[in-house]
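Here are the chains, one letter per residue:
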Amino acid sequence: MFNRVMCEEDVCRRVLRAILGFDIGRIEYLNAEQAIELAAASRGVRMDVFAREGGKVYDIEMQVEREPSLGRRMRYYQAVIDAGELEPGCGFNMLPESFVVFVCCYDPYGAGAPVYRIERTCLERPRVEIGDDSHWLALNAHAWEAETRSDLRDMLHYVQTGKADGALSRDIDSLVLTYNQDREWVNRVLTYEQDTEIRCQRARAEGIEQGIEQGIEQGEARLLALAQRLSAAGRLDDLLRAADDSAYRDALFEEFEL
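The present account deals with the structure reproduced in this document. (Residues numbered from 1 in each chain as written. Predicted model: local features only at pLDDT ≥ 70, side-chain atom pairs only at ≥ 80, totals over all residues. Heavy atoms only, no water.)

Bringing the sheet that holds strand 2 (residues 45-53) into the picture now. Spatial ordering of the open sheet is given by 1-2-3-4-6-5, a layout of six strands whose pairing is mixed. Strands with a single pairing partner mark the edges of an open sheet, and in this sheet they are strand 1 (29-36) and strand 5 (115-118). Neighbour-to-neighbour, the strand axes of the sheet open up by a mean angle of 20°, direction not taken into account. With five bridges connecting them, strand 2 and strand 3 (residues 56-63) associate as antiparallel partners. Across the sheet, residue E53 finds its bridge partner in strand 3, namely K56. (Pairing = 2+ DSSP bridges. Helix = DSSP H or I, 4+ residues; strand = E, 2+ residues; numbered from the N terminus. Axes fitted to C-alpha atoms, helices over the stretch in contact; angles between N-to-C directions.)

See below:
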(Lines give C-alpha, C1' and ligand atoms only; values in the text may rest on other atoms or scores of the structure.)
Protein backbone atom coordinates (compact mmCIF):
# COMPACT_ATOMS: atom_id res chain seq x y z
CA MET A 1 0.00 0.00 0.00
CA PHE A 2 2.85 2.40 0.87
CA ASN A 3 4.43 1.82 -2.53
CA ARG A 4 1.20 2.32 -4.43
CA VAL A 5 0.24 5.51 -2.61
CA MET A 6 3.74 6.96 -2.98
CA CYS A 7 3.60 6.41 -6.73
CA GLU A 8 1.04 9.21 -6.88
CA GLU A 9 3.34 12.06 -7.90
CA ASP A 10 1.55 14.77 -5.93
CA VAL A 11 1.58 12.72 -2.73
CA CYS A 12 5.21 11.75 -3.26
CA ARG A 13 6.21 15.40 -3.71
CA ARG A 14 4.29 16.47 -0.60
CA VAL A 15 5.71 13.64 1.53
CA LEU A 16 9.25 14.48 0.42
CA ARG A 17 8.65 18.16 1.13
CA ALA A 18 7.35 17.31 4.62
CA ILE A 19 10.39 15.14 5.34
CA LEU A 20 13.13 17.27 3.76
CA GLY A 21 11.75 20.76 4.35
CA PHE A 22 12.08 22.10 0.81
CA ASP A 23 9.90 22.18 -2.29
CA ILE A 24 10.20 19.34 -4.78
CA GLY A 25 9.94 20.08 -8.49
CA ARG A 26 8.38 17.94 -11.18
CA ILE A 27 9.31 14.32 -10.64
CA GLU A 28 10.76 12.99 -13.87
CA TYR A 29 10.90 9.34 -12.81
CA LEU A 30 8.90 7.56 -10.14
CA ASN A 31 8.86 3.82 -9.60
CA ALA A 32 7.93 1.35 -6.86
CA GLU A 33 9.92 -1.80 -6.19
CA GLN A 34 12.90 -0.39 -8.09
CA ALA A 35 15.36 -3.27 -8.43
CA ILE A 36 19.08 -2.67 -8.93
CA GLU A 37 21.51 -5.55 -9.38
CA LEU A 38 25.06 -4.52 -10.16
CA ALA A 39 26.57 -7.98 -10.61
CA ALA A 40 25.46 -11.58 -10.45
CA ALA A 41 27.79 -12.23 -7.52
CA SER A 42 26.60 -9.26 -5.45
CA ARG A 43 23.43 -8.67 -3.51
CA GLY A 44 20.89 -6.53 -5.32
CA VAL A 45 18.42 -4.17 -3.66
CA ARG A 46 14.73 -3.57 -4.19
CA MET A 47 13.79 -0.05 -3.16
CA ASP A 48 10.22 0.65 -2.05
CA VAL A 49 10.00 3.96 -3.93
CA PHE A 50 12.63 5.55 -6.14
CA ALA A 51 12.22 9.05 -7.58
CA ARG A 52 14.32 11.36 -9.73
CA GLU A 53 13.81 15.13 -9.80
CA GLY A 54 16.23 17.56 -11.41
CA GLY A 55 19.71 16.70 -10.17
CA LYS A 56 18.42 14.76 -7.18
CA VAL A 57 17.40 11.15 -6.55
CA TYR A 58 15.31 9.86 -3.67
CA ASP A 59 14.94 6.39 -2.15
CA ILE A 60 12.03 6.16 0.32
CA GLU A 61 11.64 2.99 2.39
CA MET A 62 8.90 1.94 4.80
CA GLN A 63 10.56 0.00 7.62
CA VAL A 64 7.99 -1.77 9.78
CA GLU A 65 10.19 -4.51 11.18
CA ARG A 66 13.12 -3.57 13.39
CA GLU A 67 16.34 -3.54 11.37
CA PRO A 68 19.34 -4.08 13.67
CA SER A 69 21.78 -3.09 10.91
CA LEU A 70 19.95 -0.01 9.63
CA GLY A 71 23.13 2.05 9.26
CA ARG A 72 24.82 -0.61 7.15
CA ARG A 73 21.66 -1.05 5.12
CA MET A 74 21.55 2.66 4.31
CA ARG A 75 25.24 2.51 3.44
CA TYR A 76 24.63 -0.36 1.01
CA TYR A 77 21.62 1.28 -0.61
CA GLN A 78 23.65 4.45 -1.06
CA ALA A 79 26.49 2.52 -2.67
CA VAL A 80 24.19 0.68 -5.05
CA ILE A 81 22.40 3.88 -6.06
CA ASP A 82 25.69 5.68 -6.71
CA ALA A 83 27.21 2.80 -8.65
CA GLY A 84 24.28 2.84 -11.05
CA GLU A 85 24.39 6.56 -11.71
CA LEU A 86 27.65 7.06 -13.61
CA GLU A 87 28.34 5.87 -17.13
CA PRO A 88 31.91 4.97 -18.11
CA GLY A 89 34.09 8.07 -18.40
CA CYS A 90 31.79 10.36 -16.40
CA GLY A 91 33.32 12.52 -13.70
CA PHE A 92 32.29 12.15 -10.08
CA ASN A 93 30.79 15.63 -10.25
CA MET A 94 28.00 14.06 -12.32
CA LEU A 95 26.71 12.08 -9.34
CA PRO A 96 23.29 13.44 -8.38
CA GLU A 97 22.50 14.65 -4.91
CA SER A 98 20.85 11.72 -3.16
CA PHE A 99 18.50 11.17 -0.25
CA VAL A 100 17.99 7.78 1.39
CA VAL A 101 14.97 7.92 3.70
CA PHE A 102 13.72 5.18 6.01
CA VAL A 103 10.30 5.75 7.56
CA CYS A 104 10.42 3.55 10.67
CA CYS A 105 7.48 2.47 12.81
CA TYR A 106 9.84 2.27 15.79
CA ASP A 107 12.71 4.29 17.23
CA PRO A 108 15.70 3.10 15.14
CA TYR A 109 18.36 4.54 17.43
CA GLY A 110 16.58 4.70 20.77
CA ALA A 111 17.25 8.40 21.40
CA GLY A 112 13.66 9.61 21.11
CA ALA A 113 14.13 11.89 18.09
CA PRO A 114 11.36 11.98 15.46
CA VAL A 115 13.99 12.46 12.73
CA TYR A 116 17.61 11.32 12.62
CA ARG A 117 19.59 13.19 9.95
CA ILE A 118 22.84 11.46 9.14
CA GLU A 119 25.53 13.38 7.29
CA ARG A 120 29.23 12.76 6.71
CA THR A 121 31.33 15.20 8.69
CA CYS A 122 34.97 15.73 9.54
CA LEU A 123 35.44 14.94 13.23
CA GLU A 124 38.47 17.21 13.56
CA ARG A 125 36.85 20.14 11.73
CA PRO A 126 33.04 19.78 11.87
CA ARG A 127 32.53 22.98 9.83
CA VAL A 128 34.44 21.61 6.85
CA GLU A 129 32.13 20.98 3.89
CA ILE A 130 32.63 17.40 2.70
CA GLY A 131 30.63 17.97 -0.48
CA ASP A 132 29.48 14.37 -1.06
CA ASP A 133 25.83 15.50 -1.41
CA SER A 134 24.46 12.29 0.12
CA HIS A 135 21.89 12.50 2.89
CA TRP A 136 20.42 9.77 5.07
CA LEU A 137 17.32 10.19 7.18
CA ALA A 138 15.69 7.73 9.57
CA LEU A 139 12.21 8.76 10.73
CA ASN A 140 10.76 7.58 14.02
CA ALA A 141 6.95 7.53 13.75
CA HIS A 142 6.74 6.52 17.41
CA ALA A 143 7.96 10.03 18.39
CA TRP A 144 5.53 11.95 16.17
CA GLU A 145 4.46 14.23 19.04
CA ALA A 146 8.00 15.60 19.34
CA GLU A 147 8.10 16.80 15.71
CA THR A 148 7.56 20.56 15.37
CA ARG A 149 6.79 20.76 11.64
CA SER A 150 3.06 20.28 11.15
CA ASP A 151 3.11 18.33 7.86
CA LEU A 152 5.76 15.89 9.05
CA ARG A 153 4.08 15.49 12.44
CA ASP A 154 0.81 14.77 10.61
CA MET A 155 2.46 12.16 8.40
CA LEU A 156 4.28 10.44 11.27
CA HIS A 157 1.10 10.43 13.34
CA TYR A 158 -0.73 8.71 10.51
CA VAL A 159 2.02 6.12 10.09
CA GLN A 160 1.95 5.36 13.81
CA THR A 161 -1.81 5.42 14.47
CA GLY A 162 -3.64 5.29 11.14
CA LYS A 163 -5.55 8.44 12.14
CA ALA A 164 -5.84 11.15 9.46
CA ASP A 165 -5.98 14.54 11.17
CA GLY A 166 -4.20 16.85 8.70
CA ALA A 167 -4.42 17.71 5.01
CA LEU A 168 -1.58 15.40 3.96
CA SER A 169 -2.72 12.41 6.00
CA ARG A 170 -6.32 12.85 4.87
CA ASP A 171 -5.26 12.77 1.23
CA ILE A 172 -3.11 9.69 1.87
CA ASP A 173 -5.94 7.99 3.76
CA SER A 174 -8.36 8.75 0.93
CA LEU A 175 -6.06 6.96 -1.50
CA VAL A 176 -5.70 4.03 0.90
CA LEU A 177 -9.48 3.68 1.10
CA THR A 178 -9.77 3.92 -2.68
CA TYR A 179 -7.12 1.29 -3.29
CA ASN A 180 -8.68 -1.00 -0.71
CA GLN A 181 -11.77 -1.01 -2.94
CA ASP A 182 -9.68 -2.43 -5.77
CA ARG A 183 -10.43 -6.02 -4.91
CA GLU A 184 -8.42 -7.42 -7.78
CA TRP A 185 -5.31 -5.68 -6.48
CA VAL A 186 -6.06 -6.53 -2.86
CA ASN A 187 -6.59 -10.18 -3.73
CA ARG A 188 -3.23 -10.30 -5.47
CA VAL A 189 -1.62 -9.32 -2.18
CA LEU A 190 -3.73 -11.18 0.33
CA THR A 191 -7.33 -10.61 1.34
CA TYR A 192 -8.30 -9.62 4.84
CA GLU A 193 -10.37 -12.79 5.21
CA GLN A 194 -7.53 -15.05 4.06
CA ASP A 195 -5.05 -13.35 6.34
CA THR A 196 -7.30 -13.69 9.37
CA GLU A 197 -7.97 -17.36 8.65
CA ILE A 198 -4.27 -18.11 8.20
CA ARG A 199 -3.38 -16.43 11.48
CA CYS A 200 -6.18 -18.26 13.30
CA GLN A 201 -5.01 -21.58 11.89
CA ARG A 202 -1.46 -20.88 13.01
CA ALA A 203 -2.63 -19.85 16.47
CA ARG A 204 -4.72 -23.02 16.73
CA ALA A 205 -1.84 -25.25 15.64
CA GLU A 206 0.60 -23.63 18.05
CA GLY A 207 -1.92 -23.86 20.87
CA ILE A 208 -2.61 -27.54 20.26
CA GLU A 209 1.10 -28.31 20.23
CA GLN A 210 1.46 -26.56 23.57
CA GLY A 211 -1.74 -28.09 24.93
CA ILE A 212 -3.24 -24.71 25.81
CA GLU A 213 -6.81 -24.74 24.52
CA GLN A 214 -7.78 -21.64 26.44
CA GLY A 215 -4.86 -19.80 24.92
CA ILE A 216 -6.13 -20.72 21.46
CA GLU A 217 -9.53 -19.18 22.08
CA GLN A 218 -8.07 -16.04 23.60
CA GLY A 219 -5.45 -15.74 20.86
CA GLU A 220 -8.02 -16.08 18.09
CA ALA A 221 -10.35 -13.56 19.69
CA ARG A 222 -7.49 -11.14 20.14
CA LEU A 223 -6.31 -11.64 16.56
CA LEU A 224 -9.80 -11.19 15.14
CA ALA A 225 -10.26 -8.01 17.18
CA LEU A 226 -6.96 -6.65 15.82
CA ALA A 227 -7.93 -7.57 12.27
CA GLN A 228 -11.25 -5.79 12.63
CA ARG A 229 -9.61 -2.65 14.04
CA LEU A 230 -7.00 -2.53 11.28
CA SER A 231 -9.56 -3.22 8.57
CA ALA A 232 -11.84 -0.46 9.85
CA ALA A 233 -8.89 1.94 9.81
CA GLY A 234 -7.98 0.96 6.25
CA ARG A 235 -4.60 -0.34 7.42
CA LEU A 236 -4.49 -3.45 5.25
CA ASP A 237 -0.74 -3.14 4.77
CA ASP A 238 -0.22 -3.30 8.55
CA LEU A 239 -2.47 -6.35 8.74
CA LEU A 240 -0.51 -8.13 6.04
CA ARG A 241 2.84 -7.42 7.72
CA ALA A 242 1.49 -8.49 11.10
CA ALA A 243 0.65 -11.88 9.62
CA ASP A 244 4.34 -12.80 9.40
CA ASP A 245 5.96 -10.56 12.01
CA SER A 246 5.13 -11.50 15.59
CA ALA A 247 7.05 -8.53 17.04
CA TYR A 248 5.12 -6.06 14.91
CA ARG A 249 1.87 -7.89 15.72
CA ASP A 250 2.61 -7.49 19.43
CA ALA A 251 3.25 -3.78 18.87
CA LEU A 252 -0.15 -3.47 17.19
CA PHE A 253 -1.81 -5.29 20.10
CA GLU A 254 -0.22 -2.75 22.42
CA GLU A 255 -1.23 0.19 20.19
CA PHE A 256 -4.87 -0.88 20.21
CA GLU A 257 -4.72 -2.02 23.86
CA LEU A 258 -5.84 -5.55 22.98
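A separate point is the layout of surface pockets. Reported here for the largest pocket is a volume of approximately 390 Å³. Taken together, 17 residues form the lining of the largest pocket, with C105, Y106, H142, Q160 and A251 sitting closest to its centre. Counting only elements with at least two residues in the lining of the largest pocket, the list comes to helix 4 (150-161) and helix 10 (246-255). Examining the composition of the lining of the largest pocket, we find that six residues originate from one element, helix 10, more than from any other. Along the lines of polarity and charge, the residues of the lining of the largest pocket split into eight nonpolar, two polar and seven charged. (1 Å grid on protein atoms, 1.4 Å probe; cavity = no way out; pocket = protein on both sides within 12 Å on 5 of 7 lines; lining within 4 Å. Points joined across faces, edges and corners; volume = space filled by probe spheres on them. Nonpolar A, V, L, I, M, F, W, Y, C, P; charged D, E, K, R; others polar.)

To continue, consider helix 10. Of all the residues in helix 10, the buried ones are Y248, R249, L252 and F253. For helix 10, the arc enclosing every buried residue in end-on projection is 150°, short of the 170-degree limit, so these residues lie on one face. Of the exposed residues in helix 10, the ones pointing more than 90 degrees away from its buried face are A247 and E254. Just beyond helix 10, the residue with positive phi is E257, at close to 55°. (Buried < 20%, exposed > 50% of the residue type's maximum accessible area, 1.4 Å probe, protein only. Arc of directions from axis to C-beta.)

By size, the foremost hydrophobic cluster in this structure holds 48 residues, and its most contacted members are I19 and L139. Excluding anything up to four places from it in sequence, L139 contacts I19, V101, F102, V103, C104, Y106, P108, P114, V115, L152, M155 and L156. Grouped together as the second largest cluster of nonpolar side chains are 17 residues, V57, I81, W136 and A138 included. (Core = buried A, V, L, I, M, F, W, Y, C linked by side-chain atoms within 4.5 Å. Contact = heavy atoms within 4.5 Å.)

Helix length check: helix 3 (residues 70-83), at 14 residues, gives a terminal C-alpha distance of 20 Å against a target of 20 Å (1.5 Å per residue), a fit within 8%. Taken together, the buried positions of helix 3 are occupied by L70, M74, Y77, Q78, V80 and I81. Along the long axis of helix 3, the arc covered by the buried residues comes to 165°, so they all point the same way. In helix 3, the exposed positions that point more than 90 degrees away from the buried face belong to R72 and R75. (Expected span 1.5 Å × (residues − 1).)

This brings us to the packing of helix 4 against helix 5 (residues 167-180). Contact pair helix 4 / helix 5: the axes reach a minimum separation of 8 Å and the direction vectors enclose 35°. Counting all contacts with helix 4, which are made through D151, D154, M155 and Y158, the residues of helix 5 involved are A167, L168, S169, I172, D173 and V176. A per-class count over the contact of helix 4 with helix 5 returns six nonpolar, one polar and three charged.

Next up on the list: the packing of aromatic side chains. Counted by the stated rule, this structure contains five aromatic pairs. With centroids separated by 5.8 Å and ring planes inclined at 55°, the aromatic side chains of F22 and F99 adopt a geometry described as tilted. A residue pair is termed long-range when its members are at least 10 positions apart, and F22 in the loop between helix 2 (9-20) and strand 1 and F99 in strand 4 (residues 97-104) qualify at 77 residues. Ring geometry for Y109 versus Y116: centroids 5.2 Å apart, planes at 75°, classification edge-to-face. A connected cluster of aromatic rings, assembled from ring pairs, spans F22, Y58 and F99. Directly above the aromatic system of Y179 lies the positively charged group of R4, at a separation of 4.1 Å from the ring centroid. Against the face of F253 rests R222, its NZ or CZ located 3.9 Å from the ring centre. (Phe/Tyr/Trp six-rings, centres within 6.5 Å; stacked < 30°, edge-to-face > 60°. Lys NZ or Arg CZ within 6 Å of the ring centre and 35° of its normal.)

The next thing to look at is the environment of A113. Tracing the sequence through the fold places A113 in the loop between strand 4 and strand 5. Note: C-alpha distance between A113 and H142 (29 residues apart in sequence) is 9.2 Å.

This part covers empty space enclosed by the protein. Inspection of the entire model under this criterion finds three cavities of 30 Å³ or more. Counted as a void, the largest cavity has a volume near 360 Å³. Contributing to the lining of the largest cavity are 20 residues, with F2, M62, Y158, V159 and I172 lying nearest its centre. Mapped by element, the contributors of at least two residues to the lining of the largest cavity are helix 1 (2-6), helix 4, helix 5 and helix 9 (236-242). Taken together, the residues of the lining of the largest cavity break down into 15 nonpolar, two polar and three charged.

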